Amino acid sequence: MNYEIMKQSERELQTEFLKFCDHVRSTWEYVYKALKTQHISQKELEEVYRLEDMSNHFEAQIQDDCIWSISKNEPLANHLRYIISVINSCKDLERMADYAVSAMRFFVNNKMPNDIRLLIVETMHDALIALVKVNNSLRTKPAIDTYKTCQTVYAHFRKQYDAMLDDLSTILKKSTIEQIESLFRGAIIIIKHVERLMDHMMNIAENFMFIKQPDLFFSKQSKQINK
């Protein structure tokens, strides 16, 4: 009986977590579409603030549900690992939502050369394609398949990201000092935020791998130490 209750609790947590994933993706889609139109105002920024506030509520509610499940169901190891994975992944999702606010705020408050803006927008689009693929995999496939999907889209994104940096370097060689100063006042941070979306996406995939392979993080840490 307790097993059935725990599985039901797991399914409910999964439903709420996937809603959170969809919300963060939708937030970035809103930012992407706003930047693409080039007509960004305080109104759009306020909407992103509202969406980010919803992310805070998602995170708080899911964490509360996790605490309730632990206190009520006395979970066994695998279910407890699932709860831990959800909690850790919610932190990644919330950080991704914070990046969306930072990106929109920068573009509202600063002028950006059109060629550089287009590079950033295209990179956001590449990141969104990757997020959609991983979200779909989380919804329909086992953790190991999602992890492999994440590795594939991450590697593909890295190639596109490196190509974007090459294009950015070419643009900077032809830019004025004022344009370069403008870039380094904030746009370079936004570019890094988009890259970090992929890192958080990989974190989420690894978090759910932890359920069946709890030694994953130890082996990963060992590889990093031995580099």
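What counts, and where the lines are drawn
Residues numbered from 1 in each chain as written. Predicted model: local features only at pLDDT ≥ 70, side-chain atom pairs only at ≥ 80, totals over all residues. Heavy atoms only, no water. Helix = DSSP H or I, 4+ residues; strand = E, 2+ residues; numbered from the N terminus. Axes fitted to C-alpha atoms, helices over the stretch in contact; angles between N-to-C directions. Parallel < 35°, antiparallel > 145°, perpendicular 65-115°, else oblique. Contact = heavy atoms within 4.5 Å. Nonpolar A, V, L, I, M, F, W, Y, C, P; charged D, E, K, R; others polar. Buried < 20%, exposed > 50% of the residue type's maximum accessible area, 1.4 Å probe, protein only. Phe/Tyr/Trp six-rings, centres within 6.5 Å; stacked < 30°, edge-to-face > 60°. Salt bridge = Lys/Arg side-chain N within 4 Å of Asp/Glu carboxyl O.

**Concerning the environment of Asp167**
Within the secondary structure, Asp167 sits in helix α5 (residues 143-173). Note: C-alpha distance between Asp167 and Ile116 (51 residues apart in sequence) is 9.1 Å.

**Considering the packing of helix α4 (residues 114-140) against α5**
Relative to each other, α4 and α5 sit at 175°, their axes nearing to 9 Å. Taken together, the axis directions place α4 and α5 in an arrangement best described as roughly antiparallel. Counting all contacts with α4, which are made through Asp115, Ile116, Leu119, Thr123, Asp126, Ala127, Ala130, Lys133, Val134, Ser137 and Leu138, the residues of α5 involved are Asp145, Thr146, Thr149, Cys150, Val153, Phe157, Gln160, Tyr161, Met164, Asp167, Leu168 and Ile171. The class makeup of the residues in the contact of α4 with α5 is 13 nonpolar, five polar and five charged.

**Some remarks on the packing of helix α2 (residues 42-73) against helix α3 (residues 77-109)**
For the pair α2 and α3, the least separation of the axes is 9 Å and the interaxial angle reads 170°. The angle between α2 and α3 falls in the class roughly antiparallel. Split into classes, the residues belonging to the contact of α2 with α3 amount to 16 nonpolar, six polar and seven charged.

**Looking at the side chain of Ser85**
Positionally, Ser85 belongs in helix α3. Residue contacts for Ser85: discarding those within four places in its chain leaves Asn207, Phe208, Phe210 and Ile211.

**Here's the deal with the environment of Lys33**
Tracing the chain through its elements places Lys33 in helix α1 (residues 2-37). By relative accessible area, which is 54% here, Lys33 ends up exposed. For the pair Lys33 and Met124, spaced 91 residues apart in sequence, the C-alpha separation works out to 10.0 Å.

**Digging into the packing of aromatic side chains**
Considering all chains together, one arrives at five aromatic pairs under this definition. An aromatic cluster of three or more residues is present, and its members are Phe17, Tyr82 and Phe208.

**Concerning the pattern of salt bridges**
By the definition in use, this model includes ten salt bridges. For Glu47, the salt bridge identified is with Arg50, shortest N-O distance 2.8 Å. Of this pair, Glu47 and Arg50 both sit in helix α2, three residues apart, which is roughly one turn of that helix. Look at Glu47 and you get partly exposed, because its relative accessible area is 23%. Among the salt bridges present, the one from Arg95 reaches Asp98, with a minimum N-O distance of 3.3 Å. Pair noted here: Arg95 and Asp98 are both in helix α3, with a separation of three residues, about one helical turn. Take Asp98: its relative accessible area is 26%, and that puts it in the partly exposed class.

So far we have only geometry, and geometry alone does not tell us how the molecule works.
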